[in-house]
Amino acid sequence: MRSFDYGGDKRNLGRLMAIGCGIGVGVTAVMVVLFAFLMTALSLSAQTAAVFSTLALVIGSLVGSVFTVSKIGSSGLLIGSAVGGILFLLVVLIGLIVSDGGVGLFTVFHFVGSVLAGGIGGLLSVNRAAKKRYRIPK
């Protein structure tokens, strides 16, 4: 079985994933605030809040996984999906602590969207790094 390239130190992977998840939470929070302003300005219904929250989590997961995998440089799908899953858990835990609501149908959409976006972000990041590494000079 092939091992991951952690940059020489296995503790580096955990640190990079934690930083990537932190970036993802920050991006998700900023997106939620932007969507809240948008909903207020356009007088959108409360039903659009669920769609906006899913979209914010997907964007945060994408950005966090792109950061993490670009620093690690390999295993984009696995690491990106893991960052998306951890980010999902963090957001759900924060939501359960802050509100009295429980886990519902949109939680499943949040999970699927977060893990898929993390995996896609990881793949895009690895492919982008590979193109830079193997560029043919003119």
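Above this text sits the structure in question.
The paragraphs below set out a description of the structure included in this document. As the structure is a prediction and not an experimental result, all values here were calculated from the model. (Residues numbered from 1 in each chain as written. Predicted model: local features only at pLDDT ≥ 70, side-chain atom pairs only at ≥ 80, totals over all residues. Heavy atoms only, no water.)

1. Overview of the packing of aromatic side chains
To keep things clear, this is the line we draw: Stacked, edge-to-face and tilted labels apply to pairs of Phe, Tyr and Trp rings (six-membered ring for Trp) whose centres lie within 6.5 Å, assigned for plane angles under 30 degrees, over 60, and everything in between, in that order. A run of DSSP states H or I qualifies as a helix once it reaches four residues; a run of E qualifies as a strand once it reaches two. Both are numbered from the N-terminal end. For each residue, the accessible area found with a 1.4 Å probe, counting protein chains only, is set against the maximum for its type, and the residue is called buried under 20%, exposed over 50%, and partly exposed in between.
Enumeration according to the criterion identifies two aromatic pairs in this entry. Between Phe 35 and Phe 52, the ring centres sit 4.5 Å apart and the planes meet at 10°, which makes this aromatic pair stacked. In this pair, Phe 35 sits in helix α1 (residues 10–42) while Phe 52 sits in helix α2 (residues 47–72), placing the two residues 17 residues apart along the sequence. Judged on exposure class, the residue Phe 35 and its partner Phe 52 are both buried. Taken together, a centroid distance of 5.2 Å and an interplanar angle of 70° make the contact between Phe 88 and Phe 111 edge-to-face. On the criterion of sequence distance, the pair formed by Phe 88 in helix α3 (residues 76–98) and Phe 111 in helix α4 (residues 105–133) is long-range, its members being 23 residues apart. Overall, Phe 111 belongs to the partly exposed group, its relative accessible area being 41%.

2. Topic: the side chain of Ser 114
Put simply, the rule is: Note on definitions: a residue-residue contact is assigned when non-hydrogen atoms from the two residues lie within 4.5 Å.
Looking at the secondary structure, you find Ser 114 in helix α4. Filtering out sequence-adjacent residues up to four positions away, Ser 114 remains in contact with Leu 57, Val 58, Ser 61, Gly 84, Gly 85 and Phe 88.

3. Some words on α3
Put simply, the rule reads: Residue count minus one, scaled by 1.5 Å, sets the expected span of a helix.
Its 23 residues place the ends of α3 32 Å apart at the C-alpha level, agreeing with the 33 Å of an ideal helix rising 1.5 Å per residue. Those residues of α3 that fall on the buried side of the exposure criterion are Gly 76, Ile 79, Gly 80, Val 83, Gly 84, Gly 85, Leu 87 and Phe 88.

4. A few points about the side chain of Thr 54
The line we're drawing: Any N or O atom pair separated by 3.5 Å or less is treated as a polar contact, with the protein-specific requirement of one donor-capable and one acceptor-capable atom, and with residues adjacent in sequence counted only for side-chain atom pairs.
Mapped onto the secondary structure, Thr 54 falls in helix α2. Within the structure, Thr 54 has its side chain in polar contact with the backbone oxygen of Ala 50 (distance 3.0 Å).

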